[in-house]
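These are the residues of each chain, in order.
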Amino acid sequence: MNSDTDLTDAIYRQVGEEIAQKVYHPGTLAKAIAEAAGNRSLVESLYVRFRFDELVRSHQRAAQEHKQKAEAEDRQQGIYTCPACGHRGKLLIKEHGSEPIGFLLTLCFIIPGVIYSQKGFWSEGVCANCRCTLVPRLNDTPS
Ligand SMILES: [Zn+2]
């Protein structure tokens, strides 16, 4: 909450500085003039509002890109961020298969048995904190 108001203040400050230095962004200014419909005193306040929104959007885009990049780097190191609880860390591996069943399947039906016994086929990656599934089948993702 506090960082939100800090950000809002910082963006308003930037808009104020731009206006003080008479640095107007042509597209935003044109939009403000169009919206003001001939009311000159309205142009500047509309401009501030539009420019503010523009800067908020570009800040959100940058934050989103930063987050995606950080997540991609985490993924390479096997670190996941749980969407359910927000926990960030290595996956906990939960095995589903059992060795006797794998052995039995191999005895009766070679192919399914081999697939079943393959390490990781029936194991999933779960959140170390809340145990929700993050990677349904570990074999599907290179580790
Ligand atoms: Zn979790």
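Residues numbered from 1 in each chain as written. Predicted model: local features only at pLDDT ≥ 70, side-chain atom pairs only at ≥ 80, totals over all residues.

**Structural notes on the overall build of the chain**
A count of helical and extended segments in the chain gives five helices and five strands. Element order for the chain, N to C, with α for helix and β for strand: α-α-α-β-β-β-α-α-β-β. Considering the chain as a whole, with its 143 residues, one finds that 6% of them fall into the buried category. (Helix = DSSP H or I, 4+ residues; strand = E, 2+ residues; numbered from the N terminus. Buried ≥ 20, exposed ≤ 12 C-beta atoms within 10 Å, placed from the backbone.)

**So, unusual backbone geometry**
Although it is not a glycine, Lys22 sits at a positive phi angle of roughly 55°. Tracing the backbone shows Lys22 in the loop between helix 1 (2-20) and helix 2 (26-36). C-beta crowding within 10 Å serves as the criterion here: with 6 such atoms nearby, Lys22 is assigned to the exposed category. Phi at Arg131 is positive, roughly 65°, even though this residue is not glycine.

**Describing the sheet that holds strand 5 (residues 133-135)**
Ordered by their spatial adjacency, three strands build an open sheet running 3-4-5, and the pairing between neighbours is antiparallel. Since the sheet does not close on itself, it has two edges, and those belong to strand 3 (92-95) and strand 5, each with one partner. The mean inter-strand angle of the sheet, taken between neighbouring strand axes irrespective of direction, is 50°. Relative to strand 4 (residues 123-126), strand 3 runs antiparallel, the two sharing four bridges. (Pairing = 2+ DSSP bridges. Axes fitted to C-alpha atoms, helices over the stretch in contact; angles between N-to-C directions.)

**A closer look at helix 3 (residues 40-76)**
Taking 1.5 Å of rise per residue, 37 residues should cover 54 Å, and helix 3 covers 55 Å from first to last C-alpha, within 8% of that figure. In terms of residue burial, helix 3 counts as a barely covered element, since only two of its 37 residues are buried. Positive phi shows up at Gly78, right after helix 3, with a value of about 75°. (Expected span 1.5 Å × (residues − 1).)

**Looking at the confidence of the model for the chain**
When pLDDT drops low, the exact placement of atoms in the prediction is not to be read closely. Across the chain, pLDDT averages 85, with 80% of residues at or above 70. Taken element by element, the chain is modelled with least confidence in helix 5 (residues 110-117), mean pLDDT 63, and with most confidence in helix 2, mean pLDDT 95. (pLDDT = per-residue confidence, 0-100.)

**Considering the pairing of strand 4**
Bridge count between strand 4 and strand 5: two bridges; the pairing is antiparallel. Across the sheet, the residue bridging to Val126 is Thr133, located in strand 5. Hairpin connection, strand 4 to strand 5: the antiparallel pair is bridged by six residues, and Arg131 has positive phi, about 65°.

**Side note on the packing of helix 2 against helix 3**
The angle between the axes and the distance between the axes are what describe a pair of packed helices. Axis separation between helix 2 and helix 3 bottoms out at 8 Å; the angle between their running directions is 135°. Here helix 3 runs oblique to helix 2, going by the angle between their axes. Helix 3 is crossed by helix 2, and the crossing has right-handed handedness. Taken together, the residues of helix 3 that come into contact with helix 2 (itself represented by Thr28, Leu29, Lys31, Ala32, Ile33, Glu35 and Ala36) are Leu42, Val43, Leu46, Tyr47, Phe50, Arg51 and Glu54. Counted by class, the contact of helix 2 with helix 3 contains nine nonpolar, one polar and four charged residues. (Parallel < 35°, antiparallel > 145°, perpendicular 65-115°, else oblique. Left-handed = near helix turned anticlockwise from the far one by under 90°. Contact = placed C-beta atoms within 7 Å. Nonpolar A, V, L, I, M, F, W, Y, C, P; charged D, E, K, R; others polar.)

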